[in-house]
Amino acid sequence: MNRFLWLLLVAACSPYPRAYSQPGVIRPVEPCSCPVSIDSSFRSRCAYLIVPENRSRPNAKTLKLPFMVVESKNPRKKKDPLLFTAGGPGGSSLGWTRSVPQGLVINDRDCIAFEQRGTRYAVPNLWRDDLSNAIKESYRKNLNKDSMVVVGVKRYKKTLEAQGIDLSAYNTDESAADLQDLIATLRLDSVNLFGGSYSGGLMLAVLQKNPVPARSLILDSPLPTFVPIDEDEPANFAESLAVLWQHVEQDSTHTDRYRNLKARFERYFTAIDGQTFTIPYLEKGTSQPIAIQYTRNDLLGILVRAPTKDIAYIVTELIRGNHAPYVKPMLDRLFAGGVGPSGMRISAYCADQATYHSETVIRQLYNAYPYLRGYHINDVYKEMCDCWQVAPVKASTKEPFYSTKPALLTDGAMDNACRPLYIDRIHHYMPNSQRLLFLNRAHMVSSPEMDRFMQAFLTNPYKKVVSDRKEIIAY
């Protein structure tokens, strides 16, 4: 791209033309159409950030990572925008901009959404159908699902590598470097970092590697980089259920239905370990129903993905043997679209986690929670990573670190993936952080209430956040 045009594009995308002197490389940008439509009364800009696929290889090919700037209408807006990227790993970020015009943050500062490498609008996008098709085949033919996942992963890897994709380049180290380069390219001397779940940890990695431009952080239900999630997630799920059972006992008027639900749940799901159930199912577009087998793992998957408010009722129905109303919709969703993790998600999880977790601890977990034994809450696990074979992230990325930057740390008390324990652990290393616990929420607490807390925090990140709602605890 002509350098003059490039400078014009950077100026158009960034209202921050001051000299930038912090780490991070100023990269080329390329115009692109915005794949997401927002309120047309707001001015927005979209472009690709052009970055190397693998920074350790001098001649690496380049990637195109779209970002979108939504500009505040306030002529006296602050010069420190809010920079967002999505969780997952593998989630698309640009859709977040649809909600920006209805929020409070845009009243005072611009908002920027950045699409991570390998995700939906990035070039290339690492989604292919190989694994999804293998999973569907396992259900149609009643094949062992774990074995077919391995088959699908091998096909997936072969397809992506045949297209010249370097799977070892899709991880937290490279994504953190992408974000640093975006900050440099947009000449942001000060920026507020916003991430949730996996990207909460990703934003911590950005802070760890380049703390200077970060004015503050907002981390919603974060997965810290130093947490080996595969060692925690069964326990996290069990703890979230314990909170839910407590709510049910205290609040429910249907005492007969929900009496001793914790013990009944654990007894039933322990008892059906190893059992196979069968349901007649007519796949859309076919004329003959087939008998599809399912197991305890499928029932647990239904609970993990169910809205929190529905879990207790669903458990009582499953214990009664009333599986069909929940298994059939699961199969409808499975056959209707793509299922299983994306290539980006597999690469990132395997690079971030597989090398750093302990199979001994995982076996201990299943002994402690026998009703979860053999169930993979995370859809990326060791047997898949053994096939995927990507290099791990740097050991330093996995280490906790101290920072005096202000941060707003939030989570739901019934989070079944990233427990509130994680925001407490982050707070230990970030003494200027503040925590919000939403008692009636689960993973990711985005809401109008959260929006108000964010606005107050961004106005003055060092001022104590106060909650007047008994179901939201500020501490």
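Residues numbered from 1 in each chain as written. Predicted model: local features only at pLDDT ≥ 70, side-chain atom pairs only at ≥ 80, totals over all residues. Heavy atoms only, no water.

The name given to the chain in an unreviewed UniProt entry is Alpha/beta hydrolase family protein, with Spirosoma oryzae as the source organism.

Draft legend 1. Molecular detail of empty space enclosed by the protein. Taken as a whole, this structure holds three cavities of 30 Å³ or more when the rule is applied. In this structure, the largest cavity spans a volume of roughly 120 Å³. If you trace the largest cavity, you find 14 residues lining it, with Thr 172, Tyr 198, Thr 225, Asp 352 and Gln 353 closest to the centre. Of all the elements in the fold, those that place two or more residues in the lining of the largest cavity are α5 (198–209) and α12 (343–352). Top contributing element to the lining of the largest cavity by residue count: α5, with three residues. Across the lining of the largest cavity, the residue classes break down as seven nonpolar, five polar and two charged. Residue contributions to the lining of the largest cavity reach at least three from each of two domains, namely domain 1 (29–125 + 168–227 + 397–474) and domain 2 (127–164 + 228–396). Volume-wise, the second largest cavity comes out at about 50 Å³. Classifying every residue of the lining of the second largest cavity gives seven nonpolar, one polar and no charged. (1 Å grid on protein atoms, 1.4 Å probe; cavity = no way out; pocket = protein on both sides within 12 Å on 5 of 7 lines; lining within 4 Å. Points joined across faces, edges and corners; volume = space filled by probe spheres on them. Helix = DSSP H or I, 4+ residues; strand = E, 2+ residues; numbered from the N terminus. Nonpolar A, V, L, I, M, F, W, Y, C, P; charged D, E, K, R; others polar. Domains from an automatic or database assignment.)

Draft legend 2. Main features of the layout of surface pockets. Considered as a void within the structure, the second largest pocket measures approximately 420 Å³ in volume. Trp 96, Ser 99, Phe 194, Ser 446 and Met 454 are the residues nearest the centre of the second largest pocket, which is lined by 26 residues in total. Put simply, the parts of the chain that give the lining of the second largest pocket at least two residues each are β4 (82–85), β6 (191–196) and α16 (448–459). The leading source of residues in the lining of the second largest pocket is α16, at four residues. Residues that form the lining of the second largest pocket fall into these classes: 14 nonpolar, 10 polar and two charged.

Draft legend 3. Geometry of helix α4 (residues 172–185). Its 14 residues place the ends of α4 20 Å apart at the C-alpha level, agreeing with the 20 Å of an ideal helix rising 1.5 Å per residue. Across the 14 residues that make up α4, a large majority, 14, are buried. Looking one or two places after α4, you find Arg 187, whose phi comes out positive at around 55 degrees. (Expected span 1.5 Å × (residues − 1). Buried < 20%, exposed > 50% of the residue type's maximum accessible area, 1.4 Å probe, protein only.)

Draft legend 4. Here's a closer look at the environment of Phe 277. The topology assignment puts Phe 277 in strand β8 (residues 276–281). The class for Phe 277 is buried, based on a relative accessible area of 16%. Taking the C-alpha atoms as reference, Phe 277 lies 54 Å from Arg 215; in sequence the two are 62 residues apart. When near neighbours in sequence (up to four residues on either side) are disregarded, Phe 277 contacts Tyr 268, Ile 272, Ile 292, Gln 293, Tyr 294, Thr 295, Leu 299 and His 323. (Contact = heavy atoms within 4.5 Å.)

Draft legend 5. Main features of the UniProt feature "domain: AB hydrolase-1" (unreviewed entry) in the chain. What UniProt calls "domain: AB hydrolase-1" (unreviewed entry) maps, in this numbering, to residues 81–233. Secondary structure content for residues 81–233 is 39% helix and 14% strand, and the end C-alpha separation is 34 Å. (UniProt positions renumbered as here; feature names shortened; annotations may be inferred.)

Draft legend 6. Seen up close, the pairing of β8. Side chains of β8 alternate between two faces, with Phe 277, Ile 279 and Tyr 281 buried and Thr 276, Thr 278 and Pro 280 left unburied. As paired elements, β8 and strand β9 (residues 290–295) share six bridges and run antiparallel to each other. Residue Thr 276 lies in a different strand from β9, and its bridge partner there is Thr 295. (Pairing = 2+ DSSP bridges.)

Draft legend 7. Inspection of the state of the cysteines at higher detail. Summed over all chains, the structure comprises two disulfides. Here Cys 34 engages in a disulfide with Cys 46; their sulfurs sit 1.9 Å apart. The chirality of the disulfide connecting Cys 34 with Cys 46 is right-handed, given an S-S dihedral of about 115 degrees. Here the residue Cys 34 occupies a position in the loop between β1 (29–31) and β2 (44–52), and Cys 46 occupies one in strand β2, the gap between them amounting to 12 residues. You can call Cys 34 partly exposed: its relative accessible area is 30%. Linked covalently through their sulfurs, Cys 350 and Cys 385 form a disulfide whose S-S length is 2.0 Å. Its S-S torsion of about -85 degrees marks the bond between Cys 350 and Cys 385 as left-handed, since a negative value means left-handed. Placement of Cys 350 in helix α12 and of Cys 385 in helix α14 (residues 382–388) is noted, with a sequence separation of 35 residues between them. A relative accessible area of 11% places Cys 385 in the buried class. Disulfides within the chain link the bonded cysteines, taken in sequence order, as 1-2, 3-4. (Disulfide = S-S within 2.5 Å.)

Draft legend 8. Summary view of the domain arrangement of the chain. Taken as a whole, the chain is organised into domain 1 (29–125 + 168–227 + 397–474) and domain 2 (127–164 + 228–396). The centre of domain 1, based on its C-alpha atoms, is set 28 Å off from the matching centre of domain 2. Counting residues at the interface gives 34 residues for domain 1 and 33 residues for domain 2. At the boundary of domain 1 with domain 2, total buried surface from both sides reaches about 2700 Å², with 51% on carbon and sulfur atoms. It is Lys 398, Met 414 and Asn 416 that lose the most area in domain 1 upon contact with domain 2, and together they represent 23% of the buried surface on that side. Where domain 1 packs against domain 2, one counts one salt bridge. The shortest N-O distance in the salt bridge between Glu 239 and Arg 419 comes to 3.3 Å. Between the two partners, domain 1 and domain 2, sit 23 residue pairs in polar contact (both at pLDDT 80 or more). If you list the elements that add at least two residues to the side of domain 1 that touches domain 2, you get α4 and α5. (Buried area = accessible area lost by both parts, 1.4 Å probe. Salt bridge = Lys/Arg side-chain N within 4 Å of Asp/Glu carboxyl O. Polar contact = N/O pair within 3.5 Å; in protein donor to acceptor, adjacent residues only side chain to side chain.)

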